[in-house]
Amino acid sequence: MRFVDEFRDAEKARMLSARIAALCEPGRRYKFMEVCGGHTHTIYKHGLEDYLPETVSLVHGPGCPVCVIPMGRVDDAIAIAEQPDVIMTTFGDMMRVPGGRGSFFDSNAAGADIRMVYSPLDSLKVARQNPDKRVVFMAIGMETTAPSTAMTVLRAAAEGLDNFSIFCNHVTIIPAIKAILDSPDMRLDGFIGPGHVSTVVGCRPYEYVSRDYGKPLVCAGFEPLDILQSVYQLMLQVHEGRCEVENQYSRVVPWNGNAKALRVISEVMELRPYFEWRGLGFISQSALQVREKYAVHDAERIFSVPGVRVADPKACQCGEVLKGVLRPWECKVFGTACTPETPIGTCMVSSEGACAAYYNFGRFTRERVKEATRS
Amino acid sequence: MTTQDLGANIPTRSTQADWAEEAVTEAAKEHRHAGAEHLNREQQVLERIDRARARKARVKEPRITLSHGAGGKATHNLIDAVFLEAFRNPELEQMSDAASLQIGDARLAFTTDSYVVSPLFFPGGDIGELAVNGTVNDLAMAGARPLVISAGFILEEGFPTDDLRRVVASMAAAAKAAGVQIVTGDTKVVQRGKGDGCYINTAGIGVRERPIELNAANARPGDVVLVSGPIGDHGVTVMLARGELDIIADVESDTAPLHELTAALLDAAPNTRLLRDATRGGVATILNEVASASQVAVVVDEDAVPVRPEVRGASELLGIDPLYVACEGRMVAVVPAEEVDAALAALHADPLGAGAAVIGRVVADPPGLVLLKTGFGGTRIVDMLVGDPLPRIC
């Protein structure tokens, strides 16, 4: 299939793999974080780690928008959904995310009207078709999806659809990366930058990573060869003693981002003083809220929400997994109390979460699999 | 780590998630395991997970959710913990598509299935054709020749009579094509809003004329895994036919009766271990059932799995894996290596099996797992589906 197969070529992968291996200094270990959950998913789906030398490991970052939604916000969303005449609309991934008292799936089963949509514009359609209902869109995602949410609000405003509002949970990736860099137990040699976020924000916002923290960052695409090439570029930087922001995903990511999309976001949304990320805690200026001007479309202003924080169980070690201190299986509850069917921590929630990806795709010892798959 | 500069801004009201605390306490109790100290840490974790997976199924949810019907883990838990627990008997414990019965001298197969597909009409078929073929196929997978089926209708007040005629006409045509008679039935009508137009239940009886027992527990190391044609056509067709995705692709449902194909296969490969039709949960779910029931590993070669470009394209866009997408006219067969050529030849001789291919093989270790050699050249696990196959969002 065109535009897919050329980025999954096993021959090219072997070539890159050999080049990466050649850059490894004896006795040295390398750890790179792929910030985006989409990368995590690609890595496991295609078995990419089989191409990396044992001394090069990938750490899975906080870039899965579903995973980082704190349980308290899920409870708030459910509280909105359970109010009279409300239709809550959401992306499918959000349905299973557990709050303090259950998920959207559970709330739906208990009688709330929660519908899956594939785009915020579908949610607007629901609002048009149900003028006597209050239709709320559970808006989640990083800068990737924020423009489409903002556009939807603009369209609702233009059409005068006052029965449509968004429950805004959009987060911004830069403060989260900074939080990881500021963490005293951080052990990373560089970052695979989030490609889709970068289509909107560009590469420039990452310059502080190399300038102030001395870590290289390569913005990467989402096909397995993109990621392997990014690892190669990172290894080359480390080997040559360089420390820069590079753009591997130049076929999609403009260096300065998408000005139009950024304008739309800032027309409708502004930074929150702080926001809780599951597993990482409160991070200042790390999320967006609806501006006063669009208050009529802001579910947080329309509905009263409990706003209570729900603490993760102490045994949950998502924070350590996200910082690369622990590998997923090293968490105390991995695969036992915390599984994809009954996720406790953020990383087990979506298929893009590090633990879920590891559990679904990588739960085995390498030697046994090598033996089993030998032709 | 990032809270220091926020000071008094942090909300002070805080609570805990009781369900999560309970799960942690319970797991801690369950997983103290003596005798594992000699293993390295990763192996200890894998052992713990194996035990967690092997523990008795439980349904923790206070209410049924849509994932209980998705054919994946939640469905299995529900069946194990609620239905099997209450109805337990040797036939049901086989958990096959059809029960294999011995009544006097007669060796019979008996099955039932309900159809709630939406939309009722889709490219390549409709609910009526599906209801006949699905039950015919469940009988065929038990190695039986389908004889008679029943048809129960649950209709919603306001459902157009012409639509019902259309559904029934295609049931009649499908029954004729499959050589079965619809010999008994039932009709109920529910109030408007209490159903979704038309639901159909069918049950079927077939006769097992061959002296073989097909069973998911029969796979042995060295066996070969086949599929009878390109996978995922039906699931993708129905998803696209709902019109919610604004994707247009030239695909049709693969719904078809497979009893002649299975008969030809069993003639050619009499030591066939098992047959399963790859409906809800797709090929991946079936292979997991086989790996688990037979305590073997199944190694699948991604490049060898036949998938139409349209289906692959739609799956890529939606972020789903064709291995989990339902088929209604495709089956998985596990045959001993020495019969694989004969089996393939028999499948290829029938138009319904023209796209048949070897997709993998059975090995001894690690038991209970399905492994995939990816087209990219890596390896990964293919687990049972959790939740619905939902499109990803970013």
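Only a predicted model underlies this, so the values are computations on that prediction, with no experimental measurement involved.

Rules behind the numbers
Residues numbered from 1 in each chain as written. Chains lettered and ligands numbered in written order. Predicted model: local features only at pLDDT ≥ 70, side-chain atom pairs only at ≥ 80, totals over all residues. Domains from an automatic or database assignment. Contact = placed C-beta atoms within 7 Å. Helix = DSSP H or I, 4+ residues; strand = E, 2+ residues; numbered from the N terminus. Nonpolar A, V, L, I, M, F, W, Y, C, P; charged D, E, K, R; others polar. Pairing = 2+ DSSP bridges. Axes fitted to C-alpha atoms, helices over the stretch in contact; angles between N-to-C directions. Buried ≥ 20, exposed ≤ 12 C-beta atoms within 10 Å, placed from the backbone.

## Regarding the domain arrangement of chain B
Residues and elements named next belong to chain B.
Stage number 1. Here chain B is partitioned into domain 1 (98-207) and domain 2 (216-381).
Stage number 2. Taking only C-alpha atoms, the centre of domain 1 and the centre of domain 2 are 24 Å apart.
Stage number 3. The interface is formed by 22 residues belonging to domain 1 together with 20 residues belonging to domain 2.
Stage number 4. Where the side of domain 1 that touches domain 2 is concerned, the elements lending two or more residues are helix H5 (127-141), strand S6 (145-156) and helix H6 (161-178).
Stage number 5. With 10 residues, the single largest contributor to the side of domain 1 that touches domain 2 is H5.
Stage number 6. Residues of the side of domain 1 that touches domain 2, tallied by class, amount to 12 nonpolar, 7 polar and 3 charged.

## Focus on the sheet that holds strand S8 (residues 217-220) of chain A
Residue and element names in this part refer to chain A.
Stage number 1. In spatial order, the strands read S2-S1-S7-S8-S9; together these 5 strands make up an open sheet with parallel pairing. Looking at which strands have only one partner, the edges of the open sheet turn out to be strand S2 (56-63) and strand S9 (245-247). The average angle at which neighbouring strand axes cross in this sheet is 25°, direction not considered.
Stage number 2. By the bridge criterion, 3 bridges tie strand S1 (residues 30-36) to strand S7 (residues 190-194) in an arrangement that is parallel. In the strand pairing of S7, glutamate 34 is matched with isoleucine 192.
Stage number 3. Packed on one face of the sheet, helix H10 (residues 224-240) meets S1, S2, S7, S8 and S9 and runs near 165° to S8.

## Section: the environment of A:Leu228
All names here are of chain A.
Stage number 1. Within the secondary structure layout, leucine 228 lies in helix H10.
Stage number 2. Once the C-alpha coordinates of leucine 228 and glutamate 292 are considered, the two residues, 64 residues apart in sequence, prove to be 44 Å apart.
Stage number 3. Leave out the neighbours within four places in its chain, and leucine 228 touches Ala13, Leu16, Leu48 and Tyr51.

## Digging into the interface of chain B and chain A
Stage number 1. Taken together, the contacts link 67 residues of chain B with 67 residues of chain A.
Stage number 2. For the side of chain B that touches chain A, the secondary-structure elements that each account for two or more residues are strand S1 (14-16), helix H1 (18-30), helix H2 (41-54), helix H3 (73-87), strand S11 (297-301), helix H10 (309-318), strand S14 (370-373) and strand S15 (379-381) of chain B.
Stage number 3. Top contributing element to the side of chain B that touches chain A by residue count: H2(B), with 7 residues.
Stage number 4. Note: strand S14 (residues 309-311) of chain A against S1(B), 3 bridges, orientation parallel. Opposite A:Arg309, over in S1(B), you have B:Ser14 as the bridge partner.

## Some thoughts on unusual backbone geometry
All names here are of chain B.
Stage number 1. Residue serine 118 is joined to proline 119 through a cis peptide bond whose omega torsion reads 5°.
Stage number 2. Checked against the element boundaries, proline 119 lands in the loop between strand S3 (106-115) and strand S4 (121-122).
Stage number 3. We note that methionine 95 has phi near 50°; this positive angle belongs to a residue other than glycine.
Stage number 4. Secondary-structure assignment places methionine 95 in the loop between helix H4 (90-93) and strand S2 (99-103).
Stage number 5. A residue is classified by how many C-beta atoms lie within 10 Å of it, and methionine 95, with 16 of them, is partly exposed.

## Some remarks on helix H7 (residues 233-241) of chain B
Owing to its 3.6 residues per turn, the α-helix brings residues three or four apart onto one side.
Residue and element names in this part refer to chain B.
Stage number 1. H7 sits mainly inside the fold: 8 of its 9 residues count as buried.
Stage number 2. Residues of H7 that are buried: Asp233, His234, Gly235, Val236, Thr237, Val238, Met239 and Leu240.
Stage number 3. Glycine 243 sits one or two positions beyond H7 and adopts a positive phi of about 75°.

## Remarks on the sheet that holds S15(B)
Two pairing modes exist for strands in a sheet, parallel and antiparallel, and in both the strands are linked by backbone hydrogen bonds.
Residue and element names in this part refer to chain B.
Stage number 1. What the 7 strands build is an open sheet, ordered S10-S12-S9-S13-S11-S14-S15; its pairing is mixed. The sheet terminates laterally at strand S10 (274-277) and S15, the two strands that pair on one side only. The average angle at which neighbouring strand axes cross in this sheet is 25°, direction not considered.
Stage number 2. In terms of strand pairing, S11 meets strand S13 (residues 357-363) through 4 bridges, oriented antiparallel.

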